[in-house]
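# Close look at the chain arrangement
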Amino acid sequence: MVLGFQSGVLNTNQSGSSSIISPCLAIDLYMHLRIDDYEEAAELELELEMEAADVKPRSTAAGSAMAASYNDQIRPLLDAVDRLRQLNVSQEGIQLPTIVVVGDQSSGKSSVLESLAGISLPRGQGICTRVPLVMRLQDGDEAKLQVEYGGGRVVPIASEAEVADAIDAATAEIAGSGKGISDAPITLVVRKKGVPDLTLVDLPGITRVPVQGQPEDIYDQIARIIRAYIAPKESIVLNVLSATVDFPTCESIRMSQQVDRTGERTLAVVTKADRAPEGLLEKVTMDDVHIGLGYVCVRNRIGDETYEEARAAEARLFQEHPLLSRIDKSMVGIPTLARRLTQIQGSIIARCLPDIVKQINDKLGRSSDELSQMPPDLTTVADAVREFYHIVKQARSSLEKVLVRGEFDEHPDDPRLHGTARIADMLDCYASRLPRCPAASDAEPFLAAEMRVLEEAKSINLPNFLPRSALLVLLKKRLESVAHVPHDFARQVWDYVEQLVMGVLQHHSRGYPQVQPSCRRAVQSLMDKARERSARHVKELIDMELAADYTANPDYTARWNAVVASDAHGRFLRAVEDGSAAAAVDLPGAGETDVSHLRPRPKLAGQAFDLKARLDAYWSCVVLRLVDGLALHILYRVKRLVEKDLEDELADQVVGNNMDGVERMLVPTPATAAKRDRLRKSISLLRECRELVANTMDKINAAATDRL
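Report follows, based on the coordinates.

### Thoughts on the overall build of the chain
Looking only at helices and strands, the chain features 21 helices and 13 strands. Taken across its 708 residues, the chain has 48% of its residues classed as buried. When contacts within the chain are restricted to residue pairs at least 6 apart in sequence, long-range pairs at least 24 apart make up 78% of them. Element-wise, carbon and sulfur atoms account for 53% of the exposed surface of the chain, whose accessible area totals about 34500 Å².

As structure tokens, this is what we get:
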């Protein structure tokens, strides 16, 4: 029997003749089968082959046609997946369909793989497989043996007798000459006549107790490697179990159940069937450990048996042994195992290939987008200057939105970056801190300060005229009590603007962190100048208010007229002059006020009331000027900073000084250089993978067209 798809799927029609279902159609059929139906498919194929066994005249022609179709349509898919694995596309997070061989130490893994490949693998005490061994078996007339490892190193092997030594040498180079293990894989390519077309990954056998020369955490190391290979849903677990042990106690069963609880992607191979035949039938039929893809029982090669002798002995064992012969023939023998693995491999490749192509395209698109968003490579000073001014232009555009036009579409969910709104909040707070009518000191009675000032401002002049000097003294006191408020507002605004400008610049220059210190110095220098300019402006506003008591604001007259119209002055004088009247009087802005202390000097008290009323009316105009004047100053200076000053300052700091700042942009940071290199390698790899798959499909389509 020729193993694998070369045997074909024979269909017997009503006339008794045989026809062949093409390999492409077979893969398409398997692609639509549920994974639970693999065993049923295997049994069906076996029955068809047995029915066709007597069809002698057509067997040679059928085999030739099947082989040609297989070589044209199925092998290219297997070769493509092997090539993708060789390119290490999994480093891009793209998992490939893989048959992973696991088993406890001394379970017979190596014997099974030797029987499939027809070659000898390393043997010995302890762990024989110390690194993942990727076995690429290819059926072909032109023999080929080689070992590949270490990122492209290829070592040809002259004969099958040297395979074990070549694997040992590569393992020693990767994992050392001791008994340690490594997750770096070795690939063994075996091309010879009659082997099944399979790619399997043999992993180190599971051991819990380290022997001399092994690390104490040998179990944890092996477990990490195994889980990494069997966890992806694209992996098929080939669990090698010894017939001499209870299956539920096997560590390999426990590990596979952790990632494949239902067993839908686990196939079990039971070795050493000849050593423990009692109860084996019950073990593989009752399935206490949930092996969804079923069991295949095999006999290991013993002693110096050739592989042909071993297979003949295996066939006799399962045919003649009183216990083992009761096991269904679709569940015994290395040929059955080879056929099952080939079917499963073909099915999972057909099922996963569309998703692999999609993942390659998606990952390629994301990597290309990420690379395009990175800052370009700069090779000349002129390139750096252009890129610098591009950064400045982007920063200016963003700052104009948030600080001038009040647009926040770039950061809709971050209120801290809504510049005009936050400055407006600060202005409202500033205005509320300037009292419309400052309250008198709690330590002084009503009008005491005004009367004291009037007493000192008196002179020989016409009666009923209030001295202007008294108004100026009181105005100065009020201004001095609130002078710190506009200074605080200006500092608060520029602190916020500095933080905002710095953040925007850092965002747009993130691709060139080497230029950010110069940008930071430029912003700090610019903000220091802005603070000094605003401090001078506030001082000038205060000085102007002290220089003259003038306003053309009609609100002043309106407020004074309101006081007169309310007869507040008359009611106040009557309460002061009439000693028999109530000492408390309701006054605008002061509420219920005790005036008994003013009765000894009613004339001076009347002048003081008049002075306070006029000053209160004038003070509202002063407050309005302090708010409006400083608000206009801030708005103008912020607009000027965004549209001109920032660019000028950045140019001085970065382009000036013999272009030191610009030249630093020519040298990328290690992180940026590493990321760009990683993305370029990723894009190159993914493009090669995409081209490989496309060429494979073109080759298959062309072969199908030629056959038609």
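### Section: the packing of aromatic side chains
In total, this model carries six aromatic pairs according to the counting rule given. Measuring from ring centre to ring centre gives 4.7 Å for tyrosine 430 and phenylalanine 489, while their planes differ by 5°; the resulting arrangement is stacked. Of this pair, tyrosine 430 sits in helix H13 (residues 419-432) while phenylalanine 489 is found in helix H16 (residues 484-508), placing the two residues 59 residues apart along the sequence. Of the two residues examined, tyrosine 430 and phenylalanine 489, each falls in the buried class. In this structure, lysine 283 packs its charged tip against the face of phenylalanine 247, placed 4.8 Å from the ring centre. Over the ring of tryptophan 560 we find arginine 614; its NZ or CZ atom is 4.1 Å from the centre of that ring.

### Side note on the nonpolar core
By size, the foremost hydrophobic cluster in this structure holds 83 residues, and its most contacted members are Leu403, Val497, Val501, Phe572 and Leu598. Judged by nonpolar contacts, the second largest core, of 61 residues, contains Val112, Leu145, Val147 and Leu353.

### So, the environment of glutamate 234
Here glutamate 234 lies in the loop between helix H7 (218-230) and strand S9 (235-242). The spatial distance from the C-alpha of glutamate 234 to the C-alpha of isoleucine 99 is 8.9 Å, given a sequence separation of 135 residues. Filtering out sequence-adjacent residues up to four positions away, glutamate 234 remains in contact with Gln95, Leu96, Pro97, Thr98, Ile348, Cys352 and Gln359.

### Some details on unusual backbone geometry
Located in the positive-phi region is asparagine 88, a residue other than glycine, with phi close to 60°. Note on placement: asparagine 88 falls in the loop between helix H4 (75-86) and strand S3 (98-103). Of the residues examined, asparagine 88 reaches a relative accessible area of 35% and is grouped as partly exposed.

### Observations regarding the pairing of strand S4 (residues 133-139)
For S4, the tally of buried residues reaches seven of seven residues, placing the bulk of the element in the interior. Judged by which residues are buried, S4 turns out to be covered on both faces: Leu133, Met135, Leu137 and Asp139 on one side and Val134, Arg136 and Gln138 on the other are all buried. Pairing between S4 and strand S7 (residues 186-192): seven bridges, direction parallel. By the bridge assignment for S7, leucine 133 is matched with isoleucine 186. Here five bridges tie S4 to strand S8 (residues 198-202), and the two strands are oriented antiparallel to one another. Considered in S8, the bridge of leucine 133 is made with aspartate 202.

### Description of the environment of glycine 419
Mapped onto the elements of the fold, glycine 419 is located in helix H13. Its relative accessible area of 0% is what places glycine 419 among the buried residues. Between the C-alpha atoms of glycine 419 and valine 404, which are 15 residues apart in sequence, the distance is 8.1 Å.

### A few points about H13
With 14 residues, H13 ought to run about 20 Å at 1.5 Å a step, and its terminal C-alpha atoms sit 20 Å apart, in line with that. Within H13 the residues assigned to the buried category are Gly419, Ile423, Met426 and Tyr430. Relative to the axis of H13, the buried residues are bounded by an arc of 55° and lie together on one face. For H13, the exposed residues lying more than 90 degrees away from the buried face are Asp428 and Ser432.

### Let's talk about the packing of helix H12 (residues 381-405) against H13
For the pair H12 and H13, the least separation of the axes is 6 Å and the interaxial angle reads 30°. Comparing their axes, H13 and H12 come out roughly parallel. Across the interface between the two elements, Val402, Leu403 and Val404 from H12 touch Gly419, Thr420 and Ile423 from H13. The class makeup of the residues in the contact of H12 with H13 is four nonpolar, two polar and no charged.

### Digging into the pairing of strand S10 (residues 266-271)
Counting buried residues along S10, six of its six residues qualify, which places the element largely inside the surrounding structure. Where burial is concerned, the two faces of S10 agree: the one with Thr266, Ala268 and Val270 and the one with Leu267, Val269 and Thr271 are both buried. Sheet analysis places S9 next to S10, joined by six bridges and oriented parallel. Paired with asparagine 239 across the two strands is alanine 268, which belongs to S10. The β-α-β motif built from S9, the intervening helix H8 (residues 251-259) and the parallel element S10 has right-handed crossover chirality. Bridge analysis of S10 against strand S11 (residues 295-297) gives three bridges, and the strand direction is parallel.

### Examining the packing of H13 against H16
Helix packing for two helices is described by the angle between their axes and how far apart those axes are. Remark: H13 packs on H16, axes separated minimally by 10 Å, with the N-to-C direction vectors making an angle of 165°. With respect to their mutual orientation, H13 and H16 come out roughly antiparallel. For the pair H13 and H16, the sense of crossing is right-handed. Within the contact between the two elements, H13 uses Gly419, Arg422, Ile423, Met426, Leu427 and Tyr430 and H16 uses Val485, Pro486, Phe489, Gln492, Val493, Tyr496, Val497 and Leu500. Across the contact of H13 with H16, the residue classes tally to eleven nonpolar, two polar and one charged.

### Details of the pattern of salt bridges
Inspection of every chain in the model, using the stated rule, returns 47 salt bridges. The residue arginine 640 makes a salt bridge to aspartate 645 at a minimum N-O spacing of 3.3 Å. For arginine 640, a relative accessible area of 28% gives the class partly exposed. Its relative accessible area of 14% is what places aspartate 645 among the buried residues. A salt bridge links lysine 681 to aspartate 677, with the nearest nitrogen and oxygen atoms 3.3 Å apart. You can see lysine 681 and its partner aspartate 677 sitting in helix H21 (residues 670-707), four residues apart, about one turn around the helix. Residue lysine 681 is classed as exposed on the basis of its relative accessible area of 55%. Taking the relative accessible area as the measure of exposure, aspartate 677 reaches 37% and is therefore partly exposed. One network of salt bridges, with partners in common, ties together Asp82, Arg85, Arg136 and Glu148.

Rules behind the numbers
- Residues numbered from 1 in each chain as written.
- Predicted model: local features only at pLDDT ≥ 70, side-chain atom pairs only at ≥ 80, totals over all residues.
- Heavy atoms only, no water.
- Helix = DSSP H or I, 4+ residues; strand = E, 2+ residues; numbered from the N terminus.
- Buried < 20%, exposed > 50% of the residue type's maximum accessible area, 1.4 Å probe, protein only.
- Contact = heavy atoms within 4.5 Å.
- Areas by Shrake-Rupley, 256 points an atom, 1.4 Å probe, with all protein chains shown as cover.
- Phe/Tyr/Trp six-rings, centres within 6.5 Å; stacked < 30°, edge-to-face > 60°.
- Lys NZ or Arg CZ within 6 Å of the ring centre and 35° of its normal.
- Core = buried A, V, L, I, M, F, W, Y, C linked by side-chain atoms within 4.5 Å.
- Pairing = 2+ DSSP bridges.
- Expected span 1.5 Å × (residues − 1).
- Arc of directions from axis to C-beta.
- Axes fitted to C-alpha atoms, helices over the stretch in contact; angles between N-to-C directions.
- Parallel < 35°, antiparallel > 145°, perpendicular 65-115°, else oblique.
- Nonpolar A, V, L, I, M, F, W, Y, C, P; charged D, E, K, R; others polar.
- Right-handed = clockwise from strand over helix to strand, strands pointing away.
- Left-handed = near helix turned anticlockwise from the far one by under 90°.
- Salt bridge = Lys/Arg side-chain N within 4 Å of Asp/Glu carboxyl O.

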